[in-house]
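Next come the chains, spelled out residue by residue.
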Amino acid sequence: MNLNTATVKSFFKGLIDLAIRLIARPDDFFRTMPRTGGLLDPLLFVVLAASLGVVLTAVGSFVRHGAGINDLGMLAGGLVIAPLIAAILSFFVAGIFFAIWSFMGSNESYETSYRCLAYMQIIVPVAILLSFVPYLGLLGIAWWLYLMVTATRVVHKLPVKPALLVFGIIAVLSGMVYYSSVASEIEARERLQEYTKELQKMPERNSMGER
C-alpha cells in the first residue's frame, strides 16, 4: 500500500468516525470540534453526505419501482450533479445561518458556522432512510432542530430558548411542507390505484356486453 492510498483511507476513516461521534454524542462532538483549520474537510463531508444520499434514493426507487438502464444513467448523473449543487449551496446556507447566529449574539466566525452546518449533513442520508416510511421523515427534521440547538448552545455559547424559537419556526415550516408533500403523494398513488382497477374492470364489462 503506497502512502497516498494510506492517506486517503485514513482520511475517509476519520470522516466516518466523525459522523459516528456526531450521531452518538453530539454534545461532545461540538465541544471538541475545531473552530478553524480550513473548509476543505467539512466541504468533503458535504460532498460525501450528498453522494450517499443519491445512492440511498436510487436504492429506494429500485426497491419500490425496479430499475432500468435509464435509472442507472440518472444515478451516474446524480452522483456528479448532486454533490456539486450541495457543495455550492453549502456556502450560501452557511452564510444565512452565520447571519442568524451573529444576530442572536454569536462572536464565532463564518468558518465555524460553516463547520457546524457541514458536519450536520450526516442528517441527509439518515433522513432519506427514514423517508422510506411515510411521515417518518419528520424525525429527521426534529433531529436537525436538536443538532441546531446543540450547536447554538455548545459552539456559539447562546441561550437555548432563542435557538428553539428561531430554529423551531424553521423546523415547523419544513415539517408542514414535508407533511403536505407526503400526503399529496399518497393521495395521488391511491387515485392511480383506483384508476388502474377501473381500467382492469373495463374488459370484463365489454365481454359481458358482447354476450
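Positions within a chain are numbered from 1, following the residues in the order the chain's sequence is written. In keeping with the model being predicted, local features are shown solely for residues with a pLDDT of at least 70 and side-chain atom pairs are shown and tallied solely at 80 or more, while totals for entire chains, interfaces and linings include all residues. Only hydrogens and water are removed before side-chain values are computed, so all heavy atoms of the structure are retained for them.

**Q** Before we move on, can you summarise a nonpolar patch on the surface with the specific residues and values?
**A** Only residues whose relative accessible area exceeds 30% and that form no salt bridge enter a patch; like-charged residues are grouped when within 9 Å of one another, and nonpolar side chains (Val, Leu, Ile, Met, Phe, Trp, Tyr) when within 5 Å. Method for areas: the Shrake-Rupley scheme with a 1.4 Å probe, in which residue coverage is limited to the protein chains shown. Salt bridges are counted wherever a side-chain nitrogen of Lys or Arg sits within 4 Å of a carboxyl oxygen of Asp or Glu. Taken together, the side chains of V80, I81, L84, I85, I88, L89, F91, F92 and V93 make up a nonpolar region of the molecular surface, amounting to roughly 850 Å² of accessible area. You can see I88 is positioned in helix α4 (residues 69-104). Each residue's exposure class comes from its accessible area (1.4 Å probe, protein chains only) as a fraction of the maximum for that residue type: buried when under 20%, exposed when over 50%, partly exposed otherwise. I88 sits in the partly exposed class, given a relative accessible area of 44%. Secondary structure elements are defined from DSSP: runs of H or I of at least 4 residues count as helices, runs of E of at least 2 residues count as strands, and each element is numbered from the N terminus.

**Q** How would you summarise the packing of aromatic side chains if you had to cite specific residues and measurements?
**A** Within a pair of aromatic rings, the relevant descriptors are the distance that separates the centres and the angle that separates the planes. Any pair of Phe, Tyr and Trp rings, taking the six-membered ring for Trp, is counted once the centres come within 6.5 Å. Such a pair is stacked with planes under 30 degrees apart, edge-to-face with planes over 60 apart, and tilted for the rest. Scanning all chains against the criterion turns up 12 aromatic pairs. An angle of 40° between the planes, with centres 6.3 Å apart, marks the rings of Y110 and Y114 as tilted. Taken as a pair, Y110 and Y114 lie in helix α5 (residues 110-119) at a separation of 4 residues, close to a single helical turn. A residue is classified by how much of its surface remains accessible, and Y114, at 1% relative accessible area, is buried. Among the aromatic residues, ring-to-ring pairing joins F29, F30, F45 and Y119 into one connected group.

**Q** Hey, could you go over the pattern of salt bridges for me, with residue numbers and the actual values?
**A** Considering all chains together, one arrives at 6 salt bridges under this definition. One salt bridge connects D28 with R25, and the closest N-O pair in it is separated by 3.6 Å. A residue is classified by how much of its surface remains accessible, and R25, at 44% relative accessible area, is partly exposed. A salt bridge links D27 to R153; the shortest N-O distance between them is 2.7 Å. One end of the pair, D27, is in helix α2 (residues 26-32); the other, R153, is in helix α7 (residues 138-154), with 126 residues separating them in the sequence. A relative accessible area of 33% means that R153 is categorised as partly exposed. One salt-bridge network, held together by shared partners, links R25, D27, D28, R31 and R153.

**Q** Provide a residue-level description of the nonpolar core, including the pertinent values.
**A** Residues belong to a common nonpolar core when they are buried Ala, Val, Leu, Ile, Met, Phe, Trp, Tyr or Cys residues joined through side-chain atoms within 4.5 Å. With 35 residues, the main nonpolar core has F30, W101, C116, M120, W144, M148 and F167 as its most contacted residues. The set of elements that each furnish at least two residues to this core consists of α1 (3-24), α2, α3 (40-65), α4, α5, α7 and α8 (160-210). In terms of residue count, α7 provides more of this core than any other element does, 9 residues in total.

**Q** Which residues make up the confidence of the model for the protein, and what are the values?
**A** For the protein, per-residue confidence averages 82 on the pLDDT scale, and residues scoring 70 or more make up 82% of the total. Values of pLDDT, ranging from 0 to 100, describe the predictor's confidence in every residue of the model. No element of the protein has a lower mean pLDDT than α1, at 68, and none a higher one than α5, at 94.

**Q** I'd like to hear about the environment of A82, residue by residue, with values.
**A** Here A82 is to be found in helix α4. Residues A82 and S51, 31 residues apart in the sequence, show an inter-C-alpha distance of 7.0 Å.

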